[in-house]
Protein chains: 2
Amino acid sequence: MDTGDVFDPQCPTRVVLDRIGDKWSMLVLLSLRDGPMRFTQLRTRIGGVTPKVLTQTLRAMEQDGLLTRKVFAEVPPRVEYTLTDLGRSLHGPLSVVAEWAERHVSEILRCREKFS
Amino acid sequence: MDTGDVFDPQCPTRVVLDRIGDKWSMLVLLSLRDGPMRFTQLRTRIGGVTPKVLTQTLRAMEQDGLLTRKVFAEVPPRVEYTLTDLGRSLHGPLSVVAEWAERHVSEILRCREKFS
DNA sequence: CTGTATCCCGTCTGATACTG
DNA sequence: CAGTATCAGACGGGATACAG
């Protein structure tokens, strides 16, 4: 397995950073932590996301193997999104970053104000 | 200390994600891990970054208190960038994500190809 | 219910050239 | 050496409306 040269433009870490760096992926992943959810459930829980963007996010995550999309042939239609093992394994690393954020965000904001 | 509601648009984690999510901040932080560096050192080590963007990145990180910018009144000019304690404390969490990326990137890429 | 289609704007990023 | 100025293109993201 490659060790990943972070200074290589083809760096593997880029793939992950692009994913967690976007506005909604992390929230989707955290939302799905406790089990499958339907489209509208996600949409309402994650306030402010439009259907288009939510769809884009879900498709990208599905494509990366982070979650699965299961369509039930019913009326009305039902679609469930579930984290894969890969998706669940990302939850830990993300939590570490999230905890750092929560611990230090006030300090960062203080720095920003002082800076002006 | 706040626990941070990740579903709040004002969520503190956003601040951090915006920072580590951008294209160069993480590389700068990793570069500076082993000590201060000068502008051109960073520029050459991080291949592909233009001076404008590198400046933007460094200014933003300085503003957030992740690094300090020290100008030496010399000819030719010398400017050194050094991580603050806050910046160094971010290195751990970032490493966790980076390690995850390195371990799983091949799996992600495989998923992407299968998806097409 | 679960999306898609369109339009649009702001930001992010880069190329290139220039300055103290 | 360490940037700044300017221009331009790509793209993420959002508003709104509509479809299967």
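All residue numbers refer to position in the chain's written sequence, counted from 1. Here chains are named by letter from A upward and ligands by number from 1 upward, in the order in which they appear as written. Residue-level local features of this predicted model are given only where pLDDT is at least 70; pairs of side-chain atoms are given and counted only at 80 or more, and the full residue set underlies all totals for whole chains, interfaces and linings. Here the side-chain values reflect all heavy atoms present in the structure, with hydrogen atoms and water set aside.

As named in an unreviewed UniProt entry, chain A is DNA-binding transcriptional regulator, HxlR family, taken from Nonomuraea wenchangensis.

Draft legend 1. Structural context of the packing of helix α5 (residues 85-115) of chain A against helix α1 (residues 12-21) of chain B. Note on definitions: angles span 0 to 180 degrees between N-to-C directions of axes, and those axes are lines fitted to C-alpha atoms, for helices only across the stretch in contact. Going along the chain from the N terminus, every DSSP run of H or I of four or more residues is numbered as a helix, and every run of E of two or more is numbered as a strand. Remark: α5 of chain A packs on α1 of chain B, axes separated minimally by 8 Å, with the N-to-C direction vectors making an angle of 90°. By the angle between their directions, the pair α5 of chain A and α1 of chain B is classed as roughly perpendicular. Between α5 of chain A, through Val97, Ala98, Trp100, Ala101, Glu102, Val105, Ile108, Leu109 and Arg112 of chain A, and α1 of chain B, the contact on the second element is made entirely by Pro12, Thr13, Val15, Val16, Arg19 and Ile20 of chain B. Under this grouping Gly is polar, as are all residues other than the nonpolar Ala, Val, Leu, Ile, Met, Phe, Trp, Tyr, Cys and Pro and the charged Asp, Glu, Lys and Arg. When its residues are assigned to classes, the contact of α5 of chain A with α1 of chain B shows eleven nonpolar, one polar and three charged. With respect to orientation, any angle under 35 degrees is reported as roughly parallel, any angle over 145 as roughly antiparallel, any angle of 65 to 115 as roughly perpendicular, and every other angle as oblique. Whether two residues are in contact is decided by their heavy atoms: any pair within 4.5 Å suffices.

Draft legend 2. Layout of the confidence of the model for chain A. A score from 0 to 100, pLDDT tells how confident the predictor is in each residue. Per-residue pLDDT for chain A averages 88, and the proportion of residues at 70 or more is 91%. Taken element by element, chain A is modelled with least confidence in helix α1 (residues 12-21) of chain A, mean pLDDT 80, and with most confidence in strand β3 (residues 78-83) of chain A, mean pLDDT 98.

Draft legend 3. Geometry of the interface of chain B and chain A. Counting from both sides, the interface comprises 48 residues of chain B and, opposite them, 48 residues of chain A. Take a side-chain nitrogen of Lys or Arg and a carboxyl oxygen of Asp or Glu: if they are within 4 Å of each other, that pair is a salt bridge. Seen at the junction of chain B and chain A, the total is two salt bridges. Taking the shortest distance from any N to any O, the salt bridge between Asp64 of chain B and Arg112 of chain A comes out at 2.5 Å. Two N or O atoms form a polar contact when they lie within 3.5 Å of each other; inside protein one atom must be a possible hydrogen donor and the other a possible acceptor, and for residues adjacent in sequence the pair counts only when both atoms belong to side chains. There are six residue pairs in polar contact (both at pLDDT 80 or more) connecting chain B and chain A. For the side of chain B that touches chain A, the elements supplying multiple residues, two or more each, are α1, α2 (25-31), α4 (51-63) and α5 (85-115) of chain B. Among the elements that line the side of chain B that touches chain A, the one with the most residues is α5 of chain B, at 20 residues. For the side of chain B that touches chain A, the per-class residue count stands at 27 nonpolar, ten polar and eleven charged.

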